[in-house]
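Structural overview for review
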There are 2 protein chains.
Amino acid sequence: MSSSSGSDPRLYLALVHYPVKDRAGATVTTSVTNLDVHDIARSARTFGVRRYYVVTPIELQHTLVRRILDHWTTGSGRKRMPERWEALSVVDPVVSLEDAIADVTQREGERPRLLVTAARAPEGRPVRTVAEARGWLAERAHPYMLILGTGHGLAESLLASADHQLEPLDSGTGYNHLSVRAAAAIYLDRLLGR
Amino acid sequence: MSSSSGSDPRLYLALVHYPVKDRAGATVTTSVTNLDVHDIARSARTFGVRRYYVVTPIELQHTLVRRILDHWTTGSGRKRMPERWEALSVVDPVVSLEDAIADVTQREGERPRLLVTAARAPEGRPVRTVAEARGWLAERAHPYMLILGTGHGLAESLLASADHQLEPLDSGTGYNHLSVRAAAAIYLDRLLGR
């Protein structure tokens, strides 16, 4: 399948387990969880995301992800729940964000523009609205990668080096502690939903 | 706190574990999961939902929910992650949807209008758009309860007896198998998000 054909959005998703922040702001590697793989794959497939990269440098966790994928894409799971196979078929475990970017570049013939997310707006750097990013995706002129962090969010170095930081999902209540699964669902809906 | 004061939305949320459908359409009771309690509480609190009812007739599962709540609202968890306590403080385990409705009625002085959700539009019954429901909530004239099903969705009897069924979360891809956690996040964002 040539990914540059068709009218599906040119959007890729990356869930980053390193480099992310812990509660104190230190850079750490978090563990991959089964439910992050499943939930976000289902949301990604529902909204037409092309690939969902699970980014972790820990090779043993790639084995975990591949075991989940094998169960649902070739094992008894596929027969029992074919729609779950369809969701998980968009998942790729990769060692680094650079590897995810390289894969998209190969598929699209062009390096994706990186859209990073955080629960708080940065100081001293502009954010782009989700409506702007929705417009870029509708134009289909370039591929994009939406990047979400686990733990307490993406490391500052990664936020600062991206092409654009999206505005936080402000709810107006002053409380913003969504799970990464909920944040992924809402960003995808705002970017691609009807 | 009087819940009829203030400008927060008059919206309640119920996650139903009975009566729901299994894959074959039979009415079953599903198990409460730790993550449904956490994730949906965080989304509910983020968007200003007044109470989040976890509905199950299985008393043993109330013990499970209360153990989660106790850990995070009075135990070491509260000290370590106060924002999690704030989210979980909106959670109430109840035996039946009727009990949830009775609780809202007592708080609001008025029975809530029931908004049910499903992944597919019903045959022979109208659905209301989320935009309409957003308008009702903005008016603040009446309390509402958004009802989400676990398993393969709310039982037909429950769908048919509600005040309004909301349109499915159509993504335009023809694939719609969101997790209930993702669906809750997206419905709340569409109903109450900025």
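As shown above, the structure is provided for reference.
Heads up: these notes are all about the structure in this document. (Residues numbered from 1 in each chain as written. Chains lettered and ligands numbered in written order. Predicted model: local features only at pLDDT ≥ 70, side-chain atom pairs only at ≥ 80, totals over all residues. Heavy atoms only, no water.)

Moving on: the interface of chain B and chain A. Contacts between the two partners involve 34 residues from chain B, matched on the other side by 34 residues from chain A. Roughly 3,100 Å² is buried in total at the junction of chain B and chain A, and carbon and sulfur atoms are behind 51% of that figure. Applying the counting criterion to the chain B and chain A interface returns eight salt bridges. One salt bridge connects A:Arg190 with B:Asp189, and the closest N-O pair in it is separated by 2.5 Å. Elements with a minimum of two residues in the side of chain B that touches chain A: α1 (34-47), α4 (82-88) and α8 (180-192) of chain B. By residue class, the composition of the side of chain B that touches chain A is eleven nonpolar, ten polar and 13 charged. (Contact = heavy atoms within 4.5 Å. Buried area = accessible area lost by both parts, 1.4 Å probe. Salt bridge = Lys/Arg side-chain N within 4 Å of Asp/Glu carboxyl O. Helix = DSSP H or I, 4+ residues; strand = E, 2+ residues; numbered from the N terminus. Nonpolar A, V, L, I, M, F, W, Y, C, P; charged D, E, K, R; others polar.)

Time to look at the nonpolar core. The biggest cluster of nonpolar side chains holds 86 residues, and the ones touching the most others in it are A:Tyr52, A:Val91, B:Tyr52 and B:Val91. Aside from chain neighbours lying at most four places away, what touches A:Tyr52 is A:Leu13, A:Leu15, A:Asp36, A:Val37, A:Ile40, A:Ala41, A:Ala44, A:Val90, A:Val91 and A:Asp92. (Core = buried A, V, L, I, M, F, W, Y, C linked by side-chain atoms within 4.5 Å. Buried < 20%, exposed > 50% of the residue type's maximum accessible area, 1.4 Å probe, protein only.)

Another point: unusual backbone geometry. Residues and elements named next belong to chain A. Looking along the chain, the bond that leaves tyrosine 18 and enters proline 19 is cis, with omega of 0°. Tracing the backbone through its elements, the reader meets proline 19 in the loop between β1 (11-16) and β2 (20-21). In the Ramachandran plot, arginine 140 falls in the positive-phi region, its phi being about 60° despite a non-glycine side chain.

Its rotation angle being 180°, the transformation that places chain B on chain A also includes 0.0 Å of axial translation and leaves an RMSD of 0.0 Å. Given the turn and translation reported, the copies of this chain are related as if by a two-fold rotation axis. Most of the interface of chain B is mirrored in chain A, where 100% of its interface residues again form contacts. (Least-squares fit on C-alpha atoms with pLDDT ≥ 70 in both.)

Looking now at the sheet that holds strand β5 (residues 91-94) of chain A. Two orientations exist for strands paired in a sheet by backbone hydrogen bonds: parallel and antiparallel. Residue and element names in this part refer to chain A. Pairing within the open sheet is parallel, and its six strands lie in the order β5-β4-β1-β7-β6-β8. In this open sheet, the two edge strands, each paired with only one partner strand, are β5 and β8 (164-165). Where strand β6 (residues 113-116) lies against strand β7 (residues 144-149), four bridges are found, and the strand directions are parallel. Along β7, the bridge assignment pairs leucine 114 with methionine 145. Sitting on the sheet, helix α1 (residues 34-47) is in contact with β1, β4 (52-55) and β5, with an inclination near 155° to β4. (Pairing = 2+ DSSP bridges. Axes fitted to C-alpha atoms, helices over the stretch in contact; angles between N-to-C directions.)

Turning next to the pattern of salt bridges. Scanning the model with the defined rule gives 26 salt bridges over all chains in all. The partner of B:Arg50 in a salt bridge is B:Asp8, and the shortest N-O contact between them spans 2.9 Å. One end of the pair, B:Arg50, is in the loop between α1 and β4 (52-55); the other, B:Asp8, is in the segment before β1 (11-16), and 42 residues separate them in sequence. A single network of salt bridges, built from pairs that share partners, joins A:Asp8, A:Arg10, A:Arg50 and A:Glu108.

Attention now moves to the packing of helix α6 (residues 130-139) of chain B against α8(B). Residue and element names in this part refer to chain B. In the contact formed by α6 and α8, the axes pass within 8 Å of each other and the chain directions differ by 60°. One finds that α6 runs oblique with respect to α8. Packed against α6, whose contacting residues are Val130, Ala133, Arg134 and Leu137, the element α8 presents Tyr187, Asp189, Arg190, Leu191 and Leu192 at the interface. Of the residues belonging to the contact of α6 with α8, the class tally is six nonpolar, no polar and three charged. (Parallel < 35°, antiparallel > 145°, perpendicular 65-115°, else oblique.)

Once that is clear, we can look at the pairing of β7(A). Residues and elements named next belong to chain A. In terms of burial, β7 is a largely internal element, six of the six residues being buried. Burial of β7 is two-sided: the residues Tyr144, Leu146 and Leu148 facing one way and the residues Met145, Ile147 and Gly149 facing the other way are all buried. The pairing of β1 with β7 spans six bridges and is classified as parallel. Residue pairing for β7: leucine 13 is matched across the bridge by leucine 146. Tracing the backbone out of β6, into helix α6 (residues 130-139) and back to the parallel element β7 gives a crossover that is right-handed. (Right-handed = clockwise from strand over helix to strand, strands pointing away.)

Right, let's get into the packing of aromatic side chains. Residues and elements named next belong to chain A. Within this structure, the stated rule accounts for four aromatic pairs over all chains. Considering the side-chain rings of tryptophan 136 and tyrosine 144, the 5.8 Å spacing of their centres and the 10° angle between planes classify their relative orientation as stacked. A relative accessible area of 15% places tryptophan 136 in the buried class. Residue classification places tyrosine 144 among the buried positions, given a relative accessible area of 4%. Over the ring of tryptophan 85 we find arginine 78; its NZ or CZ atom is 3.9 Å from the centre of that ring. (Phe/Tyr/Trp six-rings, centres within 6.5 Å; stacked < 30°, edge-to-face > 60°. Lys NZ or Arg CZ within 6 Å of the ring centre and 35° of its normal.)

A word on the sheet that holds strand β8 (residues 164-165) of chain B. Residues and elements named next belong to chain B. Taking strand neighbours across the sheet as the criterion, the six strands line up as β5-β4-β1-β7-β6-β8 in an open arrangement whose pairing is parallel. Across the chains shown, the open sheet's two edge strands, defined by having one partner strand only, are β5 (91-94) and β8. Pairing of strand β6 (residues 113-116) with β8 involves two bridges; the strand directions are parallel. Along β8, the bridge assignment pairs leucine 115 with histidine 164.

Residues and elements named next belong to chain B. Listed in full, the buried residues belonging to α6 are Val130, Ala133, Trp136 and Leu137. Looking straight down α6, one finds its buried side chains confined to an arc of 115°; they lie on one side. Pointing more than 90 degrees away from the buried face of α6 are the exposed residues Ala131, Ala138 and Glu139. Looking at the buried residues of α6, the elements they touch are β1, β6, β7 (144-149), β8 and α8. Looking one or two residues beyond α6, the residue adopting positive phi is arginine 140, at roughly 65°. (Arc of directions from axis to C-beta.)

Purely geometric stuff here, so don't read any function into it on its own.
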